[in-house]
Amino acid sequence: MANTIALAKQFVPMLDEVYKNASLTAKLDGAAELAQQGANANELIIPMLDMQGLGEYNRNSGYVNGDVTMTNETVKCNFDRGRMFTVDTMDDQETAGLAFGRLAGEFIRTKVVPELDAFRFAAYCAAEGIKKKEETLADGAQVLAALRAASTEMDEAEVPLENRHLFITPTLHGMIQDLDTTKSREVMSRFASVTLVPQTRFYTAITQNKNGAGGYTKTSGTGADLNFMVLHKDALIQYEKHVAPKIVTPEQNQTADAWKFGYRNVGIAQVYKNKAAGIYASHKTAG
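Values in this document were obtained by computation on a predicted structure and should not be read as measured data.

About the criteria used
Residues numbered from 1 in each chain as written. Predicted model: local features only at pLDDT ≥ 70, side-chain atom pairs only at ≥ 80, totals over all residues. Heavy atoms only, no water. pLDDT = per-residue confidence, 0-100. Contact = heavy atoms within 4.5 Å. Patch = residues over 30% accessible without salt bridge, like charges linked within 9 Å, V, L, I, M, F, W, Y side chains within 5 Å. Areas by Shrake-Rupley, 256 points an atom, 1.4 Å probe, with all protein chains shown as cover. Salt bridge = Lys/Arg side-chain N within 4 Å of Asp/Glu carboxyl O. Lys, Arg positive; Asp, Glu negative; His and termini not counted. Charge placed at Lys NZ, Arg CZ, Asp CG, Glu CD. Helix = DSSP H or I, 4+ residues; strand = E, 2+ residues; numbered from the N terminus. Buried < 20%, exposed > 50% of the residue type's maximum accessible area, 1.4 Å probe, protein only. Phe/Tyr/Trp six-rings, centres within 6.5 Å; stacked < 30°, edge-to-face > 60°. Pairing = 2+ DSSP bridges. Axes fitted to C-alpha atoms, helices over the stretch in contact; angles between N-to-C directions.

Considering the confidence of the model for the protein chain
Low pLDDT marks stretches whose predicted atomic positions should not be read closely.
Link 1 in the chain: Residues with a pLDDT of 70 or more make up 89% of the protein chain, whose mean pLDDT is 89.
Link 2 in the chain: Under a pLDDT of 50 for its full length, residues 7–12 has, in the predicted model, four contacts with residues more than four places off or in other chains.

Remarks on a negative patch on the surface
Link 1 in the chain: On the surface, a cluster of negative charge is contributed by Asp88, Asp91, Glu94, Glu251 and Asp257.
Link 2 in the chain: One can find Asp91 in helix α1 (residues 89–93).
Link 3 in the chain: A relative accessible area of 44% means that Asp91 is categorised as partly exposed.

A word on the packing of aromatic side chains
Link 1 in the chain: Applying the stated criterion to the full structure yields nine aromatic pairs.
Link 2 in the chain: Between Phe121 and Phe167, the ring centres sit 5.4 Å apart and the planes meet at 65°, which makes this aromatic pair edge-to-face. Placement of the pair is Phe121 in helix α3 (residues 103–125) and Phe167 in strand β6 (residues 164–168), with a sequence separation of 46 residues.
Link 3 in the chain: Note on Phe121: relative accessible area 0%, which makes it buried.
Link 4 in the chain: Taking the relative accessible area as the measure of exposure, Phe167 reaches 0% and is therefore buried.
Link 5 in the chain: Centre to centre, the rings of Phe121 and Phe202 are 4.9 Å apart; their planes meet at 75°, and the pair counts as edge-to-face. Of this pair, Phe121 sits in helix α3 while Phe202 is found in the loop between β7 (193–196) and β8 (206–208), placing the two residues 81 residues apart along the sequence.

Here we look at the sheet that holds strand β13 (residues 279–283)
Link 1 in the chain: The five strands are arranged β5-β13-β10-β6-β7 in an open sheet whose pairing can be described as mixed. Taken across any chain shown, the strands that pair with only one partner, and hence form the sheet edges, are β5 (131–134) and β7. Recorded for the sheet is a direction-independent mean angle of 15° between the axes of neighbouring strands.
Link 2 in the chain: In this sheet, β13 lies alongside strand β10 (residues 226–232) in antiparallel orientation, the contact comprising five bridges. Across the sheet, Met229 pairs through a bridge with Ala281, a residue of β13.
Link 3 in the chain: Together, β5, β6, β10 and β13 form the strand contacts of α3, whose direction differs from that of β10 by roughly 80°.

Structural notes on the side chain of Glu73
Link 1 in the chain: As for its position among the elements, Glu73 is in strand β3 (residues 68–76).
Link 2 in the chain: For Glu73, a relative accessible area of 17% corresponds to the buried category.
Link 3 in the chain: Among residues more than four places away in sequence, those in contact with Glu73 are Leu44, Ile45, Ile46, Met48 and Lys273.

Overview of the sheet that holds strand β4 (residues 79–88)
Link 1 in the chain: The strand order β4-β12-β11 describes an open sheet built from three strands, whose pairing is antiparallel. Looking at which strands have only one partner, the edges of the open sheet turn out to be β4 and β11 (236–248). Ignoring strand direction, the axes of neighbouring strands in this sheet form an average angle of 10°.
Link 2 in the chain: Here 10 bridges tie β4 to strand β12 (residues 258–271), and the two strands are oriented antiparallel to one another.

Re the pairing of β13
Link 1 in the chain: For β13, the tally of buried residues reaches five of five residues, placing the bulk of the element in the interior.
Link 2 in the chain: What you see with β13 is no split at all: Ile279, Ala281 and His283 on one side and Tyr280 and Ser282 on the other are buried throughout.
Link 3 in the chain: One ladder, built from four bridges, connects β5 with β13; its direction is parallel. Of the residues in β13, the one forming a bridge with Lys133 is Ser282.

Right, here's the structure in full:
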């Protein structure tokens, strides 16, 4: 009988990883020094400034007295999600350290970041007073007309041109590129940045699953696919208040001979009450 020899197998230090983009909304994070941490763990204190306009100057009595008011608005964090993973020590050794070694990075890249982006877009769509328009955009000309309408809406509301960011699906952006006209370049130049957002994280409303596989889905019945959003950065209250990755080694683990990786993210995504005009959302019909 011929010898049967099983050749030793060597792991290749590469994973069949899921394609996912990094965070698309990180550019909208606010400056941390503008928000004072609230007394409670799930709150932020946001300063709001208000003042009176010009009055008539009198050459005899001089200036009309004015009032300036600064108040602190307490807003609650509306994103608080987490997950704990356990990887047996032998499972990790038998996969050349890949089972645990790549867990954290892949989890954040493929699970945390898409949900965080989707949550933020949906939260801004739900804010009171923002401009939302339901429309189906069939070609590049219609997309350009819709973007022009969004820009005009913001111009009329005196939203500053600086820091207006466009988020749009790759499909609609491709329609614009196919036009390749001076008009299309002129319209696109009115945005500080253009970010392509996959439809899978671009909805007017999402449902975050509590247990099981976790993650999120478009809200059934009321959620709609977004075409594009124009977001003025200064209109957003966007902070990550608490990001806590945690690694427990097998030596520290009191209940099992296993590695543990835990992750928690607490943050906020809201719109300033006085700056709702800085949000414009174009979306398809819900359902």
